[in-house]
Structures are given as C-alpha cells and as structure tokens.
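Okay, here's what each chain looks like letter by letter:
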Amino acid sequence: MRASLFITCYNDTLFPETGRAVVRLLERLGVELEFHPGQTCCGQMHANTGFRPEAFSQARRFVQMYQDAETVVIPSSSCVAMIRDQYPGLFEELGDEKLRRQFAALVPRIYELSEFLIDKLGVEDVGAYFPHRVTYHASCHGLRALHLGDRPFRLLAKVGGLELAPLENLDRCCGFGGTFSVKNGDVSSAMLATKLEDVLATGAEYCTALDNSCLMHLGGGMHRQYAPMKTIHMAQILASTQQEVHG
Amino acid sequence: MSSAGHPILDPTLAPPFPVAALPVLRNPQLRKNVAHAIDVIQAKRDRLVAEKTDWQALREAASGIKDEALENLAAYLEQFEERCTAAGGHVHWAGDAAEARRIILEILRQENADEVIKIKTMTSAEIQLNPFLEAAGIRTYETDLAEIILQLGNGEPSHIVVPALHVNRGQVREIFARSMGIENLSDDPQALTAAARHYLRQKFLTVPTAISGANFLIAETGAVVIVESEGNGRMCLTLPRTLITLAGIEKVLPRFADLEVMLQLLARSATGERMNPYTSLWTGVTPGDGPQNFHVVLLDNQRSPILARKTERQTLRCIRCGACMNTCPVYRQTGGHAYGSVYPGPIGAILTPQLQQLQHARSLPYASSLCGACYDVCPVKINIPEILIDLRARVTDQERETARKFSDPMYLGLRIANWIFSRARLFHLAQWTARIVLRFFTRKDGWIHSLPSVGAKWTQTRDLRGLPRETFHQWWSERERQRTRGQGGERPKEPGTREAAR
C-alpha cells in the first residue's frame, strides 16, 4: 500500500520526531510512504481565526497537491477535521465547482493516523512495546469532529508493556484552541490548569494524544510546573519496539 | 436605579471578553462555585439524556421544527397574530428595543400602572426594560427566585437558566435580611424560601400588571407557553388583571403538537428533569378567569438579519436551555458576566454579536477554544463552532478595513504566515529564520520560558520547547538522499560510479 504523508506545518517545524515515528511505524507495517516536498499547511489556523480568503488559498493548494494521492495520512486530528469539516464550506463559498469535485473525490482517501491503522490497514496490534504508565488525552477534534471513539484505546491496549492510566473528564478541552491560547491567554491558562490537575492525577509517566497541538499546550504547562510527566505523540509510542528498548 | 438595571450586561459598554474575564479568573472561590454548580446540572442532564433512546431523533426533529418555523417565519407569526387576536389578545410588533419599550410603557400607562411584576423574561433584559420603566416612574418586581436575589442585591444574571448561579447561600441571606428588613434570618434554604415567599405573596396579591417572557408561541392556536420550576410564574400569569408577554420573533412554533418534542428536550437539557414542574399555556383571554387584558409584543431587534444567513440562522433555533454553558470549558472558568450580555456562554458568544450587528461584542466569537462540546449537547443542534468561525471571518473582514491591521501583531502575523505557506521554499526559509531567532530565547534546558509580544501570552503560564535542529522534511530528504545512494551501492559494481569509487 502506498500512502502520502501530510506531516502538517507545526509537526514539521516543532515535532519532527513524530514524523519520523510515523515513518518508522508505517514502513514497519509495509506501507510505502511518499512525502510531497511542496507541502506546507492545511489552513486551519487561518480559517479558525477568521482569515477566510487566506484559508481558501491553502485549502486549494492542499487539494491540488494531493488529488492524485492513493491515500493521505495525517498525524493530527485537528488538521483532518479542518479538511473534512471546513473545506466543503470554503469551496462552496468560493464557488469553485472544479475544486469541489476534486475535493469530493479526495476526501474519502484522507485518514487521521489511528483511522488509517484501524480502518484502512485493519491492524490494532502494531507490534509496539512501550513499558510505561501512560494516560491518553482525547483531543476535542479527534473526539467530537472525527469521532475516533475507542480507536486510540484499541491501539494502546495492544502495546506491549504499556499500562494505561484512565483520565478523568476525558472529554474536557485542554484550552489550547490555536490562536485562542494567546488571544484569550488568561482563560486558556485557567483551562490548562484545570486539565493538568486531572492529567497529573493519573500518575502517568507520559501523556499521549493524536494531536501535538494539545500536547504542546499540556507539555508547556507541565514543564513550567516541573511536573514529573512528559508528553508524547501516540505515533512515537506505536513506533517503539522491544528491540529498541532492549538494545 | 441600578437595582433594576443590568449596567455591566450592556454589550455596547462591556469590555472585551479577555479583559471582562479577569475578575472571575482572579477569584478562585467563585470559579469553584460556578464549576460545581454547572457540574451538578450537567450530571443530572447527562443521566436523563442517557435514558432517552431516541435522543438523537428528538434533536433531529426539534431542529427540523425550528428550521421550518424560521424559514416561514413571517407566515407563522401572522398566523399567531391572527389566532391570538381571535382569542382576545392584542399583538404588537416591535422592530427594535426602543419600540418594544415604548409599546410596553404605553400599555402600562393606559392601565395607570405604577408597579409591575415580572417573570421569565430575559428578553426584557435584552431591551433593558427595567431601568427604562423605573425612569418612567414604574417600579418593577422580579418574581423568579433567582431574579429576586439579583434585583434586591443589585446583581446581574450570569446564566440563562440559573441566573444567580454565582451567588452563594450566605450572600442570599445577607441580601434578603437587608432588603426585607429581617434581622436574625438564617441561611437555611427553607427560611430563605419562606422569606422570599412572604415578599412575593404581597406583590402577587397587590400588583395588577405583569410582564412575562415566552418559551414558545404556537402559530396554530395562538397560545403562549412558559415553563418554570417555582410556580411564581403561574402566579404572575394568572393573578394580575393585565399581562404583557414580550417574545422574540424566533419563539414561534408551527403546531401545538411540536411542543411534544420541545418540552421533552427542554426540561432534560435545562435542569436535568424529565418534565419541568410548571408548564403554563394560555390562549388570549378567558372571560372571568386570569388576566382580562392580554398583550403580546413581538420583538425583532436585529433577529431578521440573522435569518438571511444560512449558517447563522441556526442561532435562532435556540430554546434557551443553557446546556451549552453548562458543558462549556470556557464558561466554566469565567462564569457568565464576562460575556457582557444577558445571554452568556457559547450561545451568547454567537447571539450577542449578531444582535449587535458586529458593531459591539466583537471579541465574543473568539471566546471559545472551538472544542465543540456545546454542539454535542445542543438539543436543537446549533453548530455553534461553525457559527463562531463564520463570525470570526466577518470580524476579520471588518478589521481589514481599519487602521488596526497595521498595529495588531496577530493580524500582521497571520497575513505574513499566509504568504509563507503559499510556497514551500518560503515556509522552509521561515522555519530556518525562526530557529535562529528563537535560539536567543531558548535556555540551556532546551526550553523557551519567556517570549515578547503575542508570544508573552503563551509564556505567561506555559513553556515552549525550543525548535529542533532539523525539521521533518529535512530529515526526510536527507534519508531519501542516503537511500538513493544506498541503492546505488547495492547495485553490481559499475566502474566509474561514485559508490564504486569509494
């Protein structure tokens, strides 16, 4: 199987280790990965902050770049949600019929990472080994826009050595919200504090998620508080193997 | 005067949301009280929603009913007017707040009223009716228990179903003791309720004019519906000689049978009850029973323009259950006053700016992390995040026209980012630049603890990991390069190739 990796702008810049883990994981599962060198951003930040014409141009760019891809994998639920939920409205408003048709043909081939593993590859046990106590943060977009449901938990359940620490108030936002985190910095900080209480109460060594954006927020708060917990994208857990750990 | 008005809940005067939120953010006890109160309601709501196996079908039906009403609003309102008038009521049309206030004052003047009792009317707060009537010499008495607390204590509502959510029992005791002149009043709920009842009974028995809101208007029959928990509404609706109902035009439902859907959704969503304790329905005037003069004031006040936009039109489906604020992680931190309007929470964040035609309350569409919890619980399926984003686009388009765009780092940053994202080469150059610039802010531990400008809003409570030495695409292309080289090496030794030469 061939899949094109859309790494997303912030993963490319801030979290390259997540991208490398996706590559390791998917190649181990026999996926032939491609990486379009022209890729930049899906337009989410612009769309969600109200910069609609700017978001148009990035959405158009994305669709034109990936229209011939067999499958597109994106290790970020909020970017997938942007593409699925907001692109149709943007193209409708733009009145670009051709782009709308191209998008309609492309969108069924776009997968968030956990969707790709479970729905497309049909695997839950990816042969991972991660001997740590881990709690899972359900990002809002994964939870309510993509309806990932129990997919992340099914994947984590099959990771060797992993002990899952359940998180209270799983469905509560961490307060990141993109530019919300600075436009409403004080409110966002208060939301983060509330969320961190629940996350730290799990006593886990790692907090994982399918969005590095939430993890950047949670991790930034943890680091500021000298909390004994780290954040890690789920791709990195799923990419870890026994060989790596033991030698 | 301020006892009757809602000065801080005037969207034309309210400070921007991030500023308005600060007093509550700095008050941990109040935040704890707000969070506890909404958690209790939400837990009850979740339990009762879970027992309905047809909840999603009910939501679907309700949003369909409201859409049908909104798409044919003029026809249904005229039908309501016709049926209500035939049953002995008087229907008035108010284009804006000033007209509604004038109509109500005229009716009260005809009745020679110098006092009026009020129930279940947020709309009257929207049009700031109380200060207007007080200035005209007419005393207003709220009769909903929470509204009494607020009125007597010079407070403001912070929730649409539980307006005094932010006031604790000790404060209620203090307010009642002071304003009702009861020394030795205990803070026992029964004693407080008894004090309120005593105060209210006098008003119910002596004030002959009342103003109410409406939960629903029924086009088919001309009936008005009010749901409540205390029975004080029932008193207001039955004892006075004259009753004036103020209702937003979006309150109309096509048919009586539609209530079957709406009442199931409303009680469960609002208070976590299978059925609310008091549901009052009345149609016009019944000779010898209840108010003998009945007026309905239909209020537009910038609702019609909302109808014109398909996405935003959903806003007018709202049945004021408050479920969106009970589940909202932002409201949970800020409470209701920060929204600067009688309509707080997620629904307020979309309704208020639209009622203000985006001339005021422009910060409200940004008062959300777009987490989508409100959409999930909304009984009439208002896609609040979608509308927030739409309103943000309209606010941004306004900003493009103003000088602010040259001074706002966020605006400039996003414009530049868009240019950068238009070409991979620019994007990569920007990454390289950012890495160099951020190096000056990165400490030995590899983290950034403090940033200037917009970044300071991040680093006030959060660190940021310094940029890694290599981006993902650099790693990928380096790997590709090595692979190609490696593949070359595996090929049978061809004299003259670089690999072979090694």
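**Quick notes on the environment of Ala 47 of chain A**
Right, on to step 1. Looking at the element boundaries, Ala 47 of chain A is found in helix α3 (residues 44–49).
Right, on to step 2. Residue Ala 47 of chain A is classed as buried on the basis of its 25 C-beta neighbours within 10 Å.
Right, on to step 3. Spatially, the C-alpha atoms of Ala 47 of chain A and Cys 140 of chain A are 17 Å apart, while their sequence positions differ by 93 residues.
Right, on to step 4. Among residues more than four places away in sequence, those in contact with Ala 47 of chain A are Arg 52, Ala 55, Met 82 and Gln 86 of chain A together with Ile 389 of chain B.

**Quick word on the domain arrangement of chain B**
Note on interface size: it is often stated as the accessible area lost on association of the parts.
Right, on to step 1. According to the domain assignment, chain B consists of domain 1 (7–14 + 29–39 + 52–307) and domain 2 (409–469).
Right, on to step 2. In this structure, domain 1 of chain B and domain 2 of chain B have C-alpha centres spaced 51 Å apart.

**Observations regarding the sheet that holds strand β3 (residues 72–74) of chain A**
Residue and element names in this part refer to chain A.
Right, on to step 1. Read across the open sheet, the 4 strands follow the order β2-β1-β3-β4; overall the sheet is parallel. In this open sheet, the two strands that pair with only one neighbour each are β2 (32–34) and β4 (110–112). Taking the axes of each pair of neighbouring strands and ignoring which way they run, one obtains an average angle of 35 degrees across the sheet.
Right, on to step 2. Of the pairings in the sheet, the one linking β3 to β4 comprises 3 bridges and is parallel in character. Along β4, the bridge assignment pairs Ile 74 with Glu 112.
Right, on to step 3. Of the strands in this sheet, β3 and β4 touch helix α5 (residues 77–94), which is tilted by about 150 degrees from β4.

**Examining the interface of chain B and chain A**
Right, on to step 1. With 48 residues of chain B at the contact, the number on the chain A side is 52 residues.
Right, on to step 2. The biggest single contributor to the side of chain B that touches chain A is helix α20 (residues 384–400) of chain B, with 5 residues.
Right, on to step 3. Partitioning the side of chain B that touches chain A into residue classes produces 29 nonpolar, 13 polar and 6 charged.

**Considering the sheet that holds strand β5 (residues 216–218) of chain B**
All names here are of chain B.
Right, on to step 1. What the 4 strands build is an open sheet, ordered β8-β5-β6-β9; its pairing is mixed. The open sheet has two edge strands with one neighbour each: β8 (252–253) and β9 (278–283).
Right, on to step 2. The pairing of strand β6 (residues 223–228) with β9 spans 6 bridges and is classified as antiparallel. Across the sheet, the residue bridging to Val 225 is Leu 281, located in β9.

Procedures and definitions
- Residues numbered from 1 in each chain as written.
- Chains lettered and ligands numbered in written order.
- Predicted model: local features only at pLDDT ≥ 70, side-chain atom pairs only at ≥ 80, totals over all residues.
- Helix = DSSP H or I, 4+ residues; strand = E, 2+ residues; numbered from the N terminus.
- Buried ≥ 20, exposed ≤ 12 C-beta atoms within 10 Å, placed from the backbone.
- Contact = placed C-beta atoms within 7 Å.
- Domains from an automatic or database assignment.
- Pairing = 2+ DSSP bridges.
- Axes fitted to C-alpha atoms, helices over the stretch in contact; angles between N-to-C directions.
- Nonpolar A, V, L, I, M, F, W, Y, C, P; charged D, E, K, R; others polar.

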